[in-house]
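# Residue-level structural notes
Next come the chains, spelled out residue by residue.
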Amino acid sequence: MVRFPLLLNFLGTQELILVILVILFMFGPKKIPELARSLGKGLRKINDAKNSITDEIKKGMNEVQGEGDGIVKDINEVKNDMQDIKKKIEQEVKNTIPRK
């Protein structure tokens, strides 16, 4: 099944033929290929710009994710250091309190 752009979904066969005839009469058969080429180039530029923006957004998201991972790693290291300090303090307290 051939899918048409959204605009063409609203046009029936008769309307589509009428649009093609109007375009043919307005521009002539020699000008239509040039118009189609220009339209194709314009659509290609729009698509390239969309892809470029999408790539930049993905790149930025990956950088943020990488920094977030680094922060989580740093937090875990600090947490482990704090637990080690806590254990050492508890051990020192046990050693300094006289046993009965």
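Residues numbered from 1 in each chain as written. Predicted model: local features only at pLDDT ≥ 70, side-chain atom pairs only at ≥ 80, totals over all residues. Heavy atoms only, no water.

On the surface, Asp55, Glu56, Glu63 and Glu67 cluster together into a patch of negative charge. Within the secondary structure, Glu67 sits in helix 3 (residues 32–96). Judged by relative accessible area, which is 60%, Glu67 ranks as exposed. (Patch = residues over 30% accessible without salt bridge, like charges linked within 9 Å, V, L, I, M, F, W, Y side chains within 5 Å. Areas by Shrake-Rupley, 256 points an atom, 1.4 Å probe, with all protein chains shown as cover. Salt bridge = Lys/Arg side-chain N within 4 Å of Asp/Glu carboxyl O. Lys, Arg positive; Asp, Glu negative; His and termini not counted. Charge placed at Lys NZ, Arg CZ, Asp CG, Glu CD. Helix = DSSP H or I, 4+ residues; strand = E, 2+ residues; numbered from the N terminus. Buried < 20%, exposed > 50% of the residue type's maximum accessible area, 1.4 Å probe, protein only.)

This model, assessed by the stated rule, comprises 1 salt bridge. Between Lys31 and Glu34 there is a salt bridge, with the nearest N and O atoms lying 3.6 Å from each other. Here Lys31 falls in the partly exposed class, since its relative accessible area comes to 37%. Owing to a relative accessible area of 41%, Glu34 belongs among the partly exposed residues under this scheme.

Attention now moves to a positive patch on the surface. Together, Arg37, Lys41, Arg44 and Lys45 make up a positively charged patch on the protein surface. Within the element layout of this structure, Lys41 appears in helix 3.

Turning to a nonpolar patch on the surface, a few remarks are in order. Among the surface-exposed residues, Leu18, Val19, Val22, Ile23, Met26, Phe27 and Leu35 lie close enough to one another that they form a single nonpolar patch of about 600 Å² accessible area. Tallying contributions element by element places helix 2 (residues 13–27) first for the nonpolar patch, with 6 residues. If you trace the backbone, Leu35 turns up in helix 3.

Just geometry here; none of it tells us what the structure is for.
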